[in-house]
2 protein chains.
Amino acid sequence: MNEFDLIKRYFQSGGLTSPVADGVELGIGDDCALLYPSVDRLLAVSLDTLVADVHFPAQADPALIGERALRVNLSDLAACGAKPRWFTLALTLPEMNKGWLAGFSQGLLRVAREYDIHLVGGDTTKGPLSISVQVHGEVEPKLALRRDKASAGELIYVSGTLGDAAAAVRRFQGELQTDEEAAIYFTDRFYRPTPRVHEAQILAPLVTAAIDISDGLLADLGHICERSEIGATVDLDRLPLSPSLIRSFDEKEAVQLAASGGDDYELCMFVPQTAQAQFEDAAAKLGMPVSLVGSSSSLHNGVKALFRGEPAELDSTGYQHF
Amino acid sequence: MNEFDLIKRYFQSGGLTSPVADGVELGIGDDCALLYPSVDRLLAVSLDTLVADVHFPAQADPALIGERALRVNLSDLAACGAKPRWFTLALTLPEMNKGWLAGFSQGLLRVAREYDIHLVGGDTTKGPLSISVQVHGEVEPKLALRRDKASAGELIYVSGTLGDAAAAVRRFQGELQTDEEAAIYFTDRFYRPTPRVHEAQILAPLVTAAIDISDGLLADLGHICERSEIGATVDLDRLPLSPSLIRSFDEKEAVQLAASGGDDYELCMFVPQTAQAQFEDAAAKLGMPVSLVGSSSSLHNGVKALFRGEPAELDSTGYQHF
C-alpha cells in the first residue's frame, strides 16, 4: 500500500472528509486544498506539532493520539473565539501500520464530527512518529479574543478544573500511585481535553482577553500580562481542583499542579467587573464551570501567586520545551 | 533561552514577519494568527513536512534546509496558480542550537522575501529534526489550476529541466562521482528549487490542469490522469535535460532520472492545442523554458512512456515514502 492508497483508505473514505463539506471547493488529493473563506470574517489559523514521547507516550492507543492531536489544536481556536471550519494533517510515521492508522483516523473522526471541522489536506511522511495539525476557523473581527486586550482591574476566570492532565503525566512517568477511578479520569483529561470552542464564541462579547492553558496557568497568564502590559494576581486557594486531584495529592502538590501543570486546555479569561454577573450567568447557562481566580493590575510586573494571603513559592512557572 | 525567546529572536525580530504585512490582523505570539482573506478569492492551503534524513541530510547547511522547506511548499501554490500570502512553521528540533536557528531563519527569510510571503505563526517543539510548513495563497476561482481538469487531446508541457534533484540525491548517497560544476549545480537544484509561482499565475488562463513534479514526472502525470480520467503518452526523448545531467550520466540513466526522479518542483502543465502558440509565447516572455513532452488521450489507461518510438521500461514510477 503506497502513500496515495493510504490517504484514500484511512482519511478520504473514512468520513473525515466530505465532498459537500461547507466552503470546500477542493479537498484532499490535489496540490492545495481550495477553500471559500466567509466574507467579513477573520481567518484564524494555528499549527501545532505533537511529537511521540514528548507530547504523548509513543505506545499510546492511536485513537487517543488522534483525539488529542485535534483537540489541542481546536483549543487554539477556542482561545480566539473562532468557529472551526477546516484542518490539515501532516503525519510522520516510522512504518505503514494499518492497525495504527485505522485507530488514529477513528480518533480524529470522532473529534472532527463533534466539532464540525473537516479534513481538507495534508501530507504523510516516513520518519519518527509526529503529528502536525493546522486548524482553520473564522471569527467576526470585533469578537476575536486575543492576548493583548486585557486591562487593569479586570477579573480573571478559568474554566473547568486544572492540574488533571499534569497528574496524568506524573502517572505515565511512574511517579503517581492512585485509585483506578482517578487514574482513568486523569488519562481521559490528558488525551481528551475539552476545547471550549462553542462556549468561547458565546462568551466572547463579555471577555477582553483569553488564552488556553497549555503551558500552565501561571505561565499562560504571564503571556497575557506581557502582551497586554499589565500585572496579575492569582489566589491559588481559588484554583478549581477535581475530586480526583484532591484525593490523589496533598494540598500543596495539588495546587502546584493546578498552577503550573499545563496540558489542561481550559480557558483563562479576563472579564471587566461590570460584566461579571452577565459572564457568570452565561457560563452557567452553557453548563461550563468557571472559577474566579484573580484580578489584573496596572503594575506591569508579571504574575503574583498568593496562597492563604501570602506570596507563594512554586517549583516552576510552566511547561517549556527547551 | 526558552521557547518564547527563541521565537522572538529568530523568527519575529529577523524580518520574517512584519507588523504591517498585508492582510495580517495578528501574527506570531497569540493562540492563532488572524488573517484577512481577500474577497472573491479561493484560499489555497498546503501543509508539508520535511524530515531529516528522509527529505534532506540532517547535517545539511541549515540555511539550505530553510530555503528548501519553504520553496517546496511554495511550489504547491504554483501548481494551483495561487499567489503566496502567508505561511506557518512548526519546527521540531533535538536541541536549542543558536547557530542552526540563525542559519535556518536566514534561509527562510531569503525565500520569504523573494516570494513576498509572510510568517504568521507556528510552533517549536523538542524532538527529532523535522519541519512542517503550511503555505496559504489566493487565487481567482476561475483560474485555479487543479489535477482534475485535463482533457484528451491536450499537449503536455514541463518547465525547466528534470532529473537534477535526483542526481543530487545520488551524490549525497555516494553513488555519483562528477565534476565540481555539476556537483554544485545538482546540490543547488535540490536545496533551492524554483517554485514557478509567478509564471503559473500568468499562464493559468492557457492551462487546463497542472501539478508540480515532486514524486517524479511519470508518477505525477499519473495523478493527473487518474483525477482527470484520461491517459497520457510521454516521449522520453523530449525530456528537458540539463548539460550537467547529460555530462554526468549515460543517456539511459539521465532519462530515467528525468522521468522518475522527483524533487525538481518544476511544473507539468496540460495545454489545449488551440492555445499552444499563445502558451509558448507567454512562457518565452516570462523567461521560463517549457518543453512539449507528450499528449493526453481518452484512454483511461495511465501513463505510457516511449523512448525512440518504442514502449520504454523504467525501473520505477516515482518516489514514494512508503
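Residues numbered from 1 in each chain as written. Chains lettered and ligands numbered in written order. Predicted model: local features only at pLDDT ≥ 70, side-chain atom pairs only at ≥ 80, totals over all residues. Heavy atoms only, no water.

### What about the domain arrangement of chain A?
Residue and element names in this part refer to chain A. On domain assignment, one finds that chain A holds domain 1 (3-142) and domain 2 (146-311). Here the C-alpha centre of domain 2 lies 26 Å away from the C-alpha centre of domain 1. Summing the contributions of domain 1 and of domain 2, the shared interface buries around 1,600 Å²; its carbon and sulfur component is 62%. Interface area lost by domain 1 to domain 2 is led by R68, R71 and A79, which between them contribute 32%. Seen at the junction of domain 1 and domain 2, the total is two salt bridges. In this structure, D263 engages R68 in a salt bridge whose closest nitrogen and oxygen atoms are separated by 3.3 Å. On inspection of domain 1 and its partner domain 2, the count reaches seven residue pairs in polar contact (both at pLDDT 80 or more). Of all the elements in the fold, those that place two or more residues in the side of domain 1 that touches domain 2 are α2 (62-79) and β4 (83-93). Element by element, the count of residues in the side of domain 1 that touches domain 2 is highest for α2, at ten residues. (Domains from an automatic or database assignment. Buried area = accessible area lost by both parts, 1.4 Å probe. Salt bridge = Lys/Arg side-chain N within 4 Å of Asp/Glu carboxyl O. Polar contact = N/O pair within 3.5 Å; in protein donor to acceptor, adjacent residues only side chain to side chain. Helix = DSSP H or I, 4+ residues; strand = E, 2+ residues; numbered from the N terminus.)

### Quick look at the environment of A283 of chain A
Residues and elements named next belong to chain A. Within the secondary structure layout, A283 lies in helix α10 (residues 276-286). Residues A283 and F87, spaced 196 residues apart in sequence, show a C-alpha to C-alpha distance of 28 Å. Not counting the four nearest positions on each side in its chain, A283 is found in contact with L203, M288 and V290. (Contact = heavy atoms within 4.5 Å.)

### Description of the interface of chain A and chain B
Counting residues at the interface gives 68 residues for chain A, matched by 68 residues for chain B. For the pair chain A and chain B, the number of links is six salt bridges. The salt bridge partner of R147 of chain B is D31 of chain A, with a shortest N-O separation of 3.0 Å. Counting across the interface, chain A meets chain B through 21 residue pairs in polar contact (both at pLDDT 80 or more). When residues in the side of chain A that touches chain B are grouped by element, the largest group, nine residues, is from strand β3 (residues 42-51) of chain A. Residues belonging to the side of chain A that touches chain B are distributed by class as follows: 31 nonpolar, 19 polar and 18 charged. (Nonpolar A, V, L, I, M, F, W, Y, C, P; charged D, E, K, R; others polar.)

### Comments concerning the relation of the copies chain A and chain B
Mapping chain A onto chain B is achieved by rotating through 180° and translating by 0.0 Å along the same axis, at an RMSD of 0.0 Å. Both copies are brought into coincidence by an operation consistent with a two-fold rotation axis. (Least-squares fit on C-alpha atoms with pLDDT ≥ 70 in both.)

### Considerations on the sheet that holds strand β8 (residues 209-212) of chain B
Residues and elements named next belong to chain B. Ordered by their spatial adjacency, seven strands build an open sheet running β8-β10-β7-β11-β9-β12-β13, and the pairing between neighbours is mixed. Both edges of this open sheet fall to β8 and β13 (310-311), since each of them pairs with a single strand only. As paired strands, β8 and strand β10 (residues 267-272) are joined by four bridges and run antiparallel to one another. By the bridge assignment, D212 is partnered in β10 with L267. (Pairing = 2+ DSSP bridges.)

### Comments concerning the UniProt feature "binding site: ATP" (unreviewed entry) in chain A
Look at the UniProt record and you will see "binding site: ATP" (unreviewed entry) annotated at G122, D123, R146 and S214 of chain A. In terms of the greatest pairwise C-alpha distance, the residues named above, spread along 93 residues, do not form a single cluster, extending to 30.0 Å across. By the element assignment, D123 of chain A lies in strand β5 (residues 118-126). According to the relative accessible area criterion, D123 of chain A is buried, its value standing at 10%. When you line up the elements, R146 of chain A lands in the loop between β6 (130-139) and β7 (154-159). Not counting residues up to four positions away in its chain, the partners in contact with R146 of chain A are T208, A209 and A210 of chain A together with E25, L26, D30 and L34 of chain B. Here the side chain of R146 of chain A touches D148 of chain A through a polar contact of 2.8 Å, side chain to side chain. (UniProt positions renumbered as here; feature names shortened; annotations may be inferred. Buried < 20%, exposed > 50% of the residue type's maximum accessible area, 1.4 Å probe, protein only.)

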